[in-house]
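# Chain and residue survey
Here are the chains, one letter per residue:
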Amino acid sequence: MNGKAKYIIGGIIILAFLVVGFMSFMDSKIEYVDFAEAQNRLKTVEVKGYWLKDKETKFDGNTNTFSFYMRDDHNNEMKVIFDGAKPNNFEVAEAVVVKGKVKDGCFMAKDILTKCPSKYEAHPDEIKKSQL
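Notes on the structure in this doc start here.

Thresholds applied
- In this numbering scheme, every chain counts its residues from 1 along its sequence in written order.
- Local features in a predicted model are, by the rule used here, given only for residues with pLDDT of at least 70; side-chain atom pairs are given and counted only at 80 or more, and totals for whole chains, interfaces and linings are based on all residues.
- As a rule here, side-chain values come from all non-hydrogen atoms in the structure, and water together with hydrogens is ignored.
- Among buried residues, those of type Ala, Val, Leu, Ile, Met, Phe, Trp, Tyr and Cys that are joined through side-chain atoms within 4.5 Å constitute a nonpolar core.
- Only protein chains enter the accessibility calculation, which uses a 1.4 Å probe; a residue is then buried when its area is under 20% of its type maximum, exposed when over 50%, and partly exposed in between.
- Strands are runs of DSSP state E lasting at least two residues, helices are runs of H or I lasting at least four, and both sets are numbered from the N terminus onward.
- Pairing of aromatic side chains requires ring centres within 6.5 Å, counting the rings of Phe and Tyr and the six-membered ring of Trp. Pairs whose planes differ by under 30 degrees are stacked, by over 60 edge-to-face, and all others tilted.

### Some points on the nonpolar core
- Counting residues in each nonpolar core, the largest one holds 18 residues, and the members touching the most others are Val 47, Phe 68, Val 98, Phe 107 and Ile 112.
- Sorting the residues of this core by element identifies α2 (35-40), β1 (45-51), β3 (65-72), β4 (77-82), β5 (95-103) and β6 (106-115) as the ones contributing at least two each.

Structure follows, in structure tokens:
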């Protein structure tokens, strides 16, 4: 093998690594959107919102799915179906972030992140007392 062929093969290998790295980066880049925007996207997105406690929430043991209704920051409501069990701290969460795609009018979540209230945050009555 001559020197020129080695450079060509080396260049092809480097180009292949760059393409794979770029594709991996693009797959890991997930944007925060609301439910209205999530319906228009074909790729995985994240939506931040709040669990609607007054609407149906259930876990189906036969299909191992947890479903609930959520309202995003722009007051759009949508049913969320998660392929898995309910997160442990779901009831005490201040906010919920779901990661997934919209399919057939429902948000199919691959992951659920919960934002729990801070245990270091003072209660409003305690703040008023400390200011007196």
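### Considerations on the packing of aromatic side chains
- Counted under the stated rule, the structure contains 5 aromatic pairs.
- Ring centres of Phe 66 and Phe 90 lie 5.1 Å apart, and the angle between their planes is 90 degrees; this geometry places the pair in the edge-to-face category. Placement of Phe 66 in strand β3 and of Phe 90 in the loop between β4 and β5 is noted, with a sequence separation of 24 residues between them. You'll find Phe 66 and Phe 90 in the same group, each marked buried.
- Ring centres 4.9 Å apart and planes at 65 degrees place the aromatic pair Phe 68 and Phe 90 in the edge-to-face group. Of the two residues, Phe 68 is situated in strand β3 and Phe 90 in the loop between β4 and β5; the sequence distance between them amounts to 22 residues.
- For Phe 68, a relative accessible area of 0% translates into the label buried.
- For Phe 90, a relative accessible area of 1% corresponds to the buried category.

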